[in-house]
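# Summary of the model geometry
Single-letter residue listing:
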Amino acid sequence: MNRQIAVAGAVVVVVGVGAAWWFSQGTEAPTVDVTAPPVETTSTSPVETTEPSTGEDSGAPVTYALTSESQAVFTIDEELRGQPKTVVATSTIVLGELLFDADDPGSIQLGTVLVNARDFTTDSGNRDRAIRGPILDADIFEFIEFEPTEIAGLDGAEGEVSFTVTGDLTIRDISNPVTFEVTAVLNADETISGTAIATVDRTDWDLDIPSAPGVANVSELVTLTVSFVAAPTA
C-alpha cells in the first residue's frame, strides 16, 4: 500500500511540474514600438515582377504601411473530444511596407512582412499558451517573417486585381518558400486593401502539436490568411 501511495504521489508531482511548465510557456507580451523593415529600393531588391513596367511617365512611388486594421489568421482542423473542429488563431500585429505607383502598378515593391506570434489568440486560453509556447516558441522567436521574392500576374487593370506573391516564410528558425494568392484594390481614400491566402504543411517547419487531453487527428495542412489595409505614410 505504501508503495502504491508513493507511486501515486510521484505521478502527481510529475504531472504538476509538467502542467507548470506548460502554462509558463508563451506568456511574454508582444514588444511595443516595433516598425516594419523598410522596402529595399536598390537594384538588388529581392522582389522581381514578371509584369513589365508600362513605360509611361508616372509620378514617384508612394510608401504605404500596413495599418492596425490588418491581421493574420491561421486555421487548422482537429478533433476535439471526438467532434470535428476548425481552430482559428488571429494575430492583430502585422507590420509591412510597400512602394506603389498608381500609374504604374507593375512596378510595385514589397518589403518584409512581420507577424507577431505572441499575439495569436483563439477561443481557448490553454490553446493560446500552447500555440505561443511549445508550438511557435514565441517567447524566443517573436516574429514570423515573410520575405517576398517574386510577384507574378499583376497587371494594370482597374478595380480589384489578383496576382501571386512568392517568398520565404520563416517560422522560428526554419524558412521555406510559400506562394500567396493575393487580391487587392485601390480604394477611393487612397488605401490599398485585400487578402493574401496560402495553404502550407506545418511539418515543413517542424511544428509539432503537443499531446493534449481530448485533442486528436490534428491536420498537417494549415491555411494562412492575411487581411491587409495599407495607407500612405505621408
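Along the chain, the regular secondary structure elements total two helices and 14 strands. The buried share of the chain, reckoned over its 234 residues, is 39%.

We now examine a negative patch on the surface. Residues D173, D204, D206 and D208 make up a contiguous surface patch of negative charge. Within the secondary structure, D173 is located in the loop between β10 (161-171) and β11 (174-186).

The geometry of two aromatic rings is summed up by the distance between their centres and the angle between their planes. Considering all chains together, one arrives at three aromatic pairs under this definition. Ring plane angle 75° and centroid distance 6.2 Å describe the contact between Y64 and F100, whose orientation is recorded as edge-to-face. Note that Y64 is positioned in strand β2 (residues 62-66) and F100 in strand β6 (residues 97-100), a separation of 36 residues in sequence. F100 carries the same exposure label as Y64, and that label is buried. Ring geometry for F74 against F120: centres 5.1 Å apart, planes inclined by 65°, an arrangement best described as edge-to-face. Of the two residues, F74 sits in strand β3 (residues 71-80) while F120 sits in the loop between β8 (113-116) and α2 (125-135), which places them 46 residues apart along the sequence. The same class applies to F74 and to F120, which are both buried.

So, on to the side chain of T112. Residue placement: T112 occurs in the loop between β7 (109-110) and β8. T112 gets classed as buried once you look at its relative accessible area, which sits at 16%. Those residues in contact with T112 that lie beyond four places of it in its chain are P37, L95, G96, E145, F146, E147 and P148.

Mapping V73 onto the fold places it in strand β3. Accessibility expressed as a relative area gives 16% for V73, which makes it buried. Between the alpha carbons of V73 and V88 there is a distance of 6.9 Å; along the sequence they are 15 residues apart. With residues near it in sequence (within four places) discarded, V73 still touches V88, A89, T90, T223, L224 and T225.

Right, let's talk about the pairing of β6 for a bit. For a regular strand, the rule is simple: side chains alternate between the two faces of the sheet. Across four bridges, the pairing between β2 and β6 is antiparallel. Across the sheet, the residue bridging to Y64 is L98, located in β6. In this structure, β6 lies alongside β7, joined through two bridges in antiparallel fashion. Bridged to L98 within β7 is L110.

With that settled, the discussion passes to the pattern of salt bridges. With the rule as written, the count across this model stands at four salt bridges. The salt bridge partner of D123 is K85, with a shortest N-O separation of 3.0 Å. Placement of the pair is D123 in the loop between β8 and α2 and K85 in strand β4 (residues 83-91), with a sequence separation of 38 residues. Owing to a relative accessible area of 58%, D123 belongs among the exposed residues under this scheme. Among the residues examined, K85 registers a relative accessible area of 22% and is labelled partly exposed. Between R118 and E142 there is a salt bridge whose closest N-O contact spans 3.5 Å.

What follows is about α2. Listed as buried for α2 are R127, D128, A130, I131, R132, G133 and I135. In this structure S124 caps α2, since a side-chain oxygen of it lies 3.4 Å from the backbone nitrogen of N126. Looking one or two places after α2, you find D137, whose phi comes out positive at around 50°.

A separate point is the pairing of strand β9 (residues 143-152). With four bridges connecting them, β8 and β9 associate as antiparallel partners. Directly across from V113, in β9, lies its bridge partner F146. When β9 meets β10, the two strands line up antiparallel, connected through seven bridges. Residue pairing in the sheet places A152 in a bridge with T164 of β10.

Cut-offs used in this document
Residues numbered from 1 in each chain as written. Predicted model: local features only at pLDDT ≥ 70, side-chain atom pairs only at ≥ 80, totals over all residues. Heavy atoms only, no water. Helix = DSSP H or I, 4+ residues; strand = E, 2+ residues; numbered from the N terminus. Buried < 20%, exposed > 50% of the residue type's maximum accessible area, 1.4 Å probe, protein only. Patch = residues over 30% accessible without salt bridge, like charges linked within 9 Å, V, L, I, M, F, W, Y side chains within 5 Å. Areas by Shrake-Rupley, 256 points an atom, 1.4 Å probe, with all protein chains shown as cover. Salt bridge = Lys/Arg side-chain N within 4 Å of Asp/Glu carboxyl O. Lys, Arg positive; Asp, Glu negative; His and termini not counted. Charge placed at Lys NZ, Arg CZ, Asp CG, Glu CD. Phe/Tyr/Trp six-rings, centres within 6.5 Å; stacked < 30°, edge-to-face > 60°. Contact = heavy atoms within 4.5 Å. Pairing = 2+ DSSP bridges. Polar contact = N/O pair within 3.5 Å; in protein donor to acceptor, adjacent residues only side chain to side chain.

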